[in-house]
Amino acid sequence: MDAFRDSILQRGPIESFALKTVQDFIQPQRQTKLAQDENQMLENMLRTLLQQLVASAAQSGEQIMQYGQLIDDVNINGQIPRLLDVVLYLCEKEHVEGGMIFQLLEDLTEMSTMKNCKDVFGYIESKQDILGKQELFARGKLVMLRTCNQLLRRLSKANDVVFCGRILMFLAHFFPLSERSAVNIKGVFNTSNETKYEKDPPKGISVDFNFYKTFWSLQEYFCNPASLTTASTKWQKFSSSLAVVLNTFDAQPLSEEEGEANSLEEEAATFNIKYLTSSKLMGLELKDSSFRRHILLQCLILFDYLRAPGKNDKDLPSETMKEELKSCEDRVKKLLEITPPKGKEFLRAVEHILEREKNWVWWKRDGCPPFEKQPIEKKSPIAGQKRRRPRWRLGNKELSQLWRWAELNPDAVTDSQRVKTPDVADYWKPLAEDMDPSAGIEDAYHHKNNRVYCWKGLRFAARQDLEGFSRFTDLGIEGVVPLELLPPEVRSKYQAKPNEKAKRAKKDETKGGSLEEETKGGSLVSAEGTLAGGSTSEAEGEVGRGESEAMESDAVADTPTPEEQQRLGGSDTDNGQEAGQIEDAETEEGGLMETDLNHPPVPIS
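Analysis parameters
Every residue gets a number counted from 1 within its own chain, in the order that chain's sequence is written. Reporting in this predicted model follows two pLDDT cut-offs: at least 70 for local features of residues, and 80 or more for side-chain atom pairs to be given and counted; totals over whole chains, interfaces and linings ignore these cut-offs and use all residues. For side-chain calculations, the full set of non-hydrogen atoms in the structure is used, while hydrogens and water are omitted. Only DSSP runs of H or I with at least four residues qualify as helices, and only runs of E with at least two residues qualify as strands; both kinds are numbered from the N terminus onward. For each residue, the accessible area found with a 1.4 Å probe, counting protein chains only, is set against the maximum for its type, and the residue is called buried under 20%, exposed over 50%, and partly exposed in between. Only heavy atoms enter the contact rule, under which two residues are in contact if any of them lie within 4.5 Å. Every accessible area reported is derived by Shrake-Rupley at a probe size of 1.4 Å, with residue values counting cover from the shown protein chains alone. Each patch is built from residues that are more than 30% exposed by relative accessible area and take part in no salt bridge. Like charges join if they lie within 9 Å; nonpolar side chains (Val, Leu, Ile, Met, Phe, Trp, Tyr) join within 5 Å. Just to be clear on terms, a salt bridge is a Lys or Arg side-chain nitrogen sitting within 4 Å of an Asp or Glu carboxyl oxygen. A fitted line through C-alpha atoms serves as each axis, taken over the contacting stretch for helices, and the angle formed by two N-to-C directions is quoted from 0 to 180°. Two helices cross in a left-handed way if the nearer one is turned anticlockwise from the farther one by less than a right angle. They cross in a right-handed way if the turn is clockwise. Under the scheme applied here, ten amino acids are nonpolar (Ala, Val, Leu, Ile, Met, Phe, Trp, Tyr, Cys and Pro), four are charged (Asp, Glu, Lys and Arg), and all others, including Gly, are polar. Counted charges follow a simple rule, with Lys and Arg positive, Asp and Glu negative, and His plus the chain ends left uncounted. Charge placement uses NZ in Lys and CZ in Arg. For Asp and Glu, CG and CD serve respectively. Angle categories: roughly parallel below 35 degrees, roughly antiparallel above 145, roughly perpendicular from 65 to 115, and oblique for all the rest. Multiply 1.5 Å by the residue count of a helix minus one, and that product is the helix's expected span. Any pair of Phe, Tyr and Trp rings, taking the six-membered ring for Trp, is counted once the centres come within 6.5 Å. Such a pair is stacked with planes under 30 degrees apart, edge-to-face with planes over 60 apart, and tilted for the rest. Here, a charge over a ring is recorded when the distance from Lys NZ or Arg CZ to the ring centre is within 6 Å and its angle to the ring normal is within 35 degrees.

By the naming in an unreviewed UniProt entry, the chain is THO complex subunit 1 isoform X1, taken from Raphanus sativus.

### Remarks on the overall build of the chain
Looking only at helices and strands, one finds 29 helices and zero strands in the chain. A total of 605 residues make up the chain; the buried ones form 30% of that total. Of the contacts made within the chain by residues no fewer than 6 positions apart, 66% connect residues no fewer than 24 positions apart. Approximately 41,700 Å² of the chain is accessible, and the part contributed by carbon and sulfur atoms is 52%.

### A word on a nonpolar patch on the surface
On the surface, Leu394, Leu399, Leu402 and Trp403 cluster together into a nonpolar patch covering about 370 Å² of accessible area. Its place among the elements puts leucine 402 in helix α18 (residues 397-403). Exposure remark for leucine 402: the relative accessible area of 46% places this residue in the partly exposed category.

### Considering the pattern of salt bridges
Under the criterion given, the structure shown has 18 salt bridges. Its salt-bridge partner being arginine 166, residue glutamate 125 comes within 2.9 Å of it at the nearest N-O pair. In this pair, glutamate 125 is assigned in helix α6 (residues 114-126) and arginine 166 in helix α9 (residues 161-174), connecting sequence segments 41 residues apart. Assessed through its relative accessible area of 28%, arginine 166 is described here as partly exposed. Between glutamate 478 and lysine 448 there is a salt bridge; the shortest N-O distance is 3.3 Å. With glutamate 478 in the loop between α24 (472-475) and α25 (488-491) and lysine 448 in the loop between α21 (429-435) and α22 (451-464), this residue pair connects regions lying 30 residues apart in the sequence. Each of Arg307, Glu329, Lys333 and Glu351 takes part in a single network of salt bridges with overlapping partners.

### Focus: the packing of helix α12 (residues 232-251) against helix α15 (residues 289-306)
At a minimum axis distance of 12 Å, the contact between α12 and α15 shows a crossing angle of 145°. Handedness of the crossing formed by α12 with α15: left-handed. When α12 is examined against α15, the residues Trp235, Phe238, Leu242, Leu246 and Phe249 are found in contact with a partner set consisting of Arg292, Leu296, Cys299, Leu302, Phe303 and Leu306. A per-class count over the contact of α12 with α15 returns 10 nonpolar, no polar and one charged.

### Focus on a negative patch on the surface
A grouping of Glu256, Glu257, Glu258 and Glu260 is seen on the molecular surface, where their side chains present a negatively charged patch. Residue position: glutamate 257 is located in helix α13 (residues 256-261). Since its relative accessible area comes to 60%, glutamate 257 is described here as exposed.

### With respect to unusual backbone geometry
Of the consecutive residues proline 340 and proline 341, the connecting peptide bond is found in the cis state with omega at -5°. Positive phi values are uncommon outside glycine, yet glutamate 94 reaches one of about 60°. You will see that lysine 342, though not glycine, has its phi angle at about 55°, which is positive. With respect to the helices, strands and loops of the structure, lysine 342 is situated in the loop between α16 (319-338) and α17 (343-365).

### Regarding the packing of α6 against α9
Geometry of a packed helix pair, given as the angle between the helix axes and the separation of the axes. Two numbers describe how α6 lies on α9: the axes approach to 12 Å, and their chain directions differ by 30°. On the basis of their axis angle, the class for α6 and α9 is roughly parallel. Helix-helix and strand crossings are classified by hand; for α6 and α9 the assignment is left-handed. For the pair formed by α6 and α9, the contact residues are Met114, Cys117, Lys118, Phe121, Gly122, Ile124 and Glu125 on the first element and Phe163, Arg166, Ile167 and Phe170 on the second. Grouping the amino acids of the contact of α6 with α9 by side-chain chemistry returns seven nonpolar, one polar and three charged.

### Comments concerning helix α10 (residues 209-223)
Helix length check: α10, at 15 residues, gives a terminal C-alpha distance of 22 Å against a target of 21 Å (1.5 Å per residue), a fit within 8%. Counting buried positions along α10 gives 11 out of 15 residues, so the element sits mostly inside the fold. If you check which residues of α10 are buried, you get Phe209, Phe211, Tyr212, Phe215, Trp216, Ser217, Leu218, Gln219, Tyr221, Phe222 and Cys223. Structurally, α10 contributes buried residues whose contacts are with α11 (227-230), α12, α14 (282-286) and α15.

### Description of the packing of aromatic side chains
Under the criterion given, the structure shown has 24 aromatic pairs. An angle of 25° between the planes, with centres 5.6 Å apart, marks the rings of phenylalanine 215 and phenylalanine 291 as stacked. Taken as a pair, phenylalanine 215 in helix α10 and phenylalanine 291 in helix α15 lie far apart in primary sequence, 76 residues in all. Classification of phenylalanine 215 as buried rests on a relative accessible area of 1%. We classify phenylalanine 291 as buried; its relative accessible area is 6%. Three or more aromatic residues joined by ring pairs make a cluster, and in this case those are Phe102, Phe121, Phe137, Phe163, Phe170, Phe174 and Phe175. Across the ring face of phenylalanine 346, the terminal group of arginine 293 is positioned such that the distance to the ring centre comes to 4.4 Å.

Right, dumping it as structure tokens:
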């Protein structure tokens, strides 16, 4: 053991001798990493050596963290810190098991007095970054938590407040924020933290002892706020006691001078985590602005807990209790606002903290889900090596994957299971079912309310059913549905009706048929007159006059008004030119007919 001690505590860089010393004394099967039984052997040797060093330091009367330190060279650490540095190096480089350093630290705190534990914990704080690495933290987090809890149990909460705060701050930084072991999931209160006060009035001192007992009895409810919702009598007793205290604070307001004189914000002010409950100090405490703020702040925390979200129905306050909570809270906030110094700023800060506390409460109610995100490690290419761009058979990755979907691509393209455009009648069947009154489908669930469905249907109708597509303007999306899909009582509503163009076309066809009949009748009369000689000249004259009058009336009826000509613009001019050409052609044809009729027939020999 002496040889191992001299070898592992030698001077010089740790990396130059630490692993070699372990290999010489343990003789592991592998050169750089110990097996499980080899780790156990090394741990026993180190724990025995640490116990010897602590015993030697206790016999010499020196502090254990300074034992073995040279007087002329303060920069060189003692033997125990040196041993811990060597073990920490081996654990960090994964030569030995990662939890070995945590086990040595736990043994060291158990063997040390509270005065020496402060130095040991200072060493732990200095190595916090290394101990918090993932490969070490996963192996030793429970050991470190046990070590800190044992220290907290050994410390006095009244005399070692600063050291307790150091331990709690270390745990808050060492463990992740979502660590469940550091969270009071069930919301259990520390009912053992009692505030003791006098039960009997003192003799020879004039003190309002009833107010004294009423005032300090509030601490029983602040210690366990959940008890107020279980029994209504407790809440009534608490509210009446609180009203007495608030009335006293109202009756004895503090001035700015008193608030500044008794403020705890001064550097020389003393601080204690427990109240001084002597009846002799009651009058002085009521004049202390910080003391009042502590009591009023406890009230706001209790009110905030009673109204906290996410509780069961049995734990929620009743309606009358909510109203009383609101009125008491307003009084407490008003007293905090007028309590010097800087009452408004203090109240604003407290309200902000309580508002943020709701997020913490909801996070605990949800089971403390982790919200830390590990950073993404970007793999940098090897220096001097160029990245080759992948080459794809069809130009890019997507086309190449598309081509490899089937072994025989032509068969895959012609496959009947392949996605294809549906028939327009099949596509409109869901909307036709919605339009059937017997189906009883509410209007809010009709397919016509789906814009994507209607847009696709109009595209299909424009390609496959132009007649139905034309009904969209007059009848809407329901008019596009094929009539054969609709029930008889709905079909009549959406049947096609003749529009103005169809009516005008029918009128033109009727008018053209009557003109053809008149033309045929005139030609027959002309033929008969020719055969009969001059006996038909009068009849021809009357027919000619009737036709000319009809043409004049038609021309007057078809002539557009000046407003219509101005609205039509240039298109009327073209129409006028075409009409003039037609009239000239008719005139020429009429002249030829008249020439043929007036010319005497040529005798046939």
